[in-house]
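Single-letter residue listing:
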Amino acid sequence: MEDMGMTNEQWYADIRNQIEDWEDVRELIQQTPDSPEKELALKKIDRTLRRLRENLEK
């Protein structure tokens, strides 16, 4: 049986869903007390969001 994979529409929808999820996580993290771990988490989330948004532009 041949695996068809995702359509372009499915792929873009998945990226959009991931962006929404990461934005929710970012909001939760922002509500926590300041710490070095918080800053690192926000930095990594922002990097992930930037990469996902770049993929949507392709």
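Before reading on, note that the structure itself is shown above.
Residues numbered from 1 in each chain as written. Predicted model: local features only at pLDDT ≥ 70, side-chain atom pairs only at ≥ 80, totals over all residues. Heavy atoms only, no water.

**Student:** Outline the environment of isoleucine 15, listing residues and values.
**Tutor:** Take isoleucine 15: it is sitting in helix α1 (residues 8-30). Accessibility expressed as a relative area gives 5% for isoleucine 15, which makes it buried. Once residues lying within four places of it in the same chain are set aside, the contact partners of isoleucine 15 are Leu52 and Leu56. (Helix = DSSP H or I, 4+ residues; strand = E, 2+ residues; numbered from the N terminus. Buried < 20%, exposed > 50% of the residue type's maximum accessible area, 1.4 Å probe, protein only. Contact = heavy atoms within 4.5 Å.)

**Student:** Please provide a residue-by-residue account of the environment of asparagine 17, values included.
**Tutor:** By the secondary structure assignment, asparagine 17 is in helix α1. For the pair asparagine 17 and glutamate 54, spaced 37 residues apart in sequence, the C-alpha separation works out to 14 Å.

These figures come from the coordinates and say nothing about function on their own.
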